[in-house]
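Below, each chain spelled out in residue letters.
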Amino acid sequence: MTDIRVLIADDHPIVCKGIHELLDTAIGIVVVGEAASGAETLQKVEALRPDVLLLDIELPDLNGVDVLKRIIAAGWPVRVLGLSSYDDPVYISQLLALGAAGYLIKDEVPETITEAVRGVARGETGWVS
């Protein structure tokens, strides 16, 4: 079985580092990159072709909803899991309506994030905090 390739999109370096370290310890998951803005996220999704994108909703230059819209328009086959400190129902419903597999709040139990990444990679949906 091949490793699940994950891209982390978050503009807070400490959050990226923590999630990166969490996922690096998980068997079968490899973090292929990090992005700190919406534009950088789009560039890295195209270049790295991750299986799963952990997408923060508030990024400089483009928010998560706009990033997801552009991913869909480009036809890139990445599964998206929102991961943010924002629990705004409007953002959450927009991401899910566009096809995101789920939306987790950053204060989730670390094991839940890892299992959500695995589930999303398998094609599961409905991962919501």
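Quick note: structure is the one above.
Given the structure is predicted, the values throughout are model-derived calculations rather than measurements.

Asker: Teacher, can you tell me more about unusual backbone geometry here?
Answerer: When glycine is set aside, most residues are seen to have a negative phi, and most peptide bonds are trans. The phi dihedral of Arg49 is positive, around 50 degrees, even though this residue is not glycine. A positive phi is found at Asp61, a non-glycine position, where the angle reads about 80 degrees. The topology assignment puts Asp61 in the loop between strand E3 (52–55) and helix H3 (64–74).

Asker: Explain the packing of helix H2 (residues 38–48) against H3 here, please?
Answerer: The packing of two helices is summarised by the inter-axis angle and the distance between the axes. Contact geometry of H2 with H3 gives a least axis separation of 10 Å together with a crossing angle of 30 degrees. Judged by the inter-axis angle, H2 sits roughly parallel to H3. Helix-helix and strand crossings are classified by hand; for H2 and H3 the assignment is right-handed. Each of Gly38, Thr41, Leu42 and Val45 in H2 lies in contact with H3, whose residues at this interface are Val67, Arg70 and Ile71.

Asker: Sorry, what's going on with the pattern of salt bridges here?
Answerer: Where charged atoms of side chains with opposite charge meet at close range, the side chains can pair. Under the defined criterion, the tally for this structure stands at six salt bridges. Measuring nitrogen to oxygen at the nearest pair gives 2.5 Å for the salt bridge that ties Asp10 to Lys106. You can see Asp10 sitting in the loop between strand E1 (4–9) and helix H1 (13–24) and its partner Lys106 sitting in the loop between strand E5 (102–105) and helix H5 (110–121), a full 96 residues away along the chain. In this structure Asp10 comes out as buried when scored by relative accessible area, which is 3%. Here Lys106 falls in the partly exposed class, since its relative accessible area comes to 22%.

Calculation criteria
- Chains are numbered independently. Their residues run from 1 in the order of the written sequence.
- At least 70 in pLDDT is required for a residue's local features to be given in this predicted model, at least 80 for side-chain atom pairs to be given and counted, and no such filter applies to totals for whole chains, interfaces and linings, which use all residues.
- In computing side-chain values, all of the structure's heavy atoms are included and hydrogens and water are not.
- Numbering of helices and strands runs from the N terminus, with a helix taken as a DSSP run of H or I at least four residues long and a strand as a DSSP run of E at least two residues long.
- With axes taken as lines fitted to C-alpha atoms, and helix axes fitted only over the stretch in contact, angles between N-to-C directions fall between 0 and 180 degrees.
- Convention used here: angles under 35 degrees read as roughly parallel, angles over 145 as roughly antiparallel, angles from 65 to 115 as roughly perpendicular, and any remaining angle as oblique.
- Each crossing is labelled by how the near helix is turned from the far one, with a counterclockwise turn of less than a right angle marking it left-handed and a clockwise turn marking it right-handed.
- Two residues qualify as a contact provided that any one of their heavy atoms is within 4.5 Å of a heavy atom in the partner residue.
- Salt bridges are defined as contacts in which a side-chain nitrogen from Lys or Arg sits within 4 Å of a carboxyl oxygen from Asp or Glu.
- Each residue is assigned to one of three classes by its accessible area relative to the maximum for its type, calculated with a 1.4 Å probe on protein chains only: buried under 20%, partly exposed between the two thresholds, exposed over 50%.

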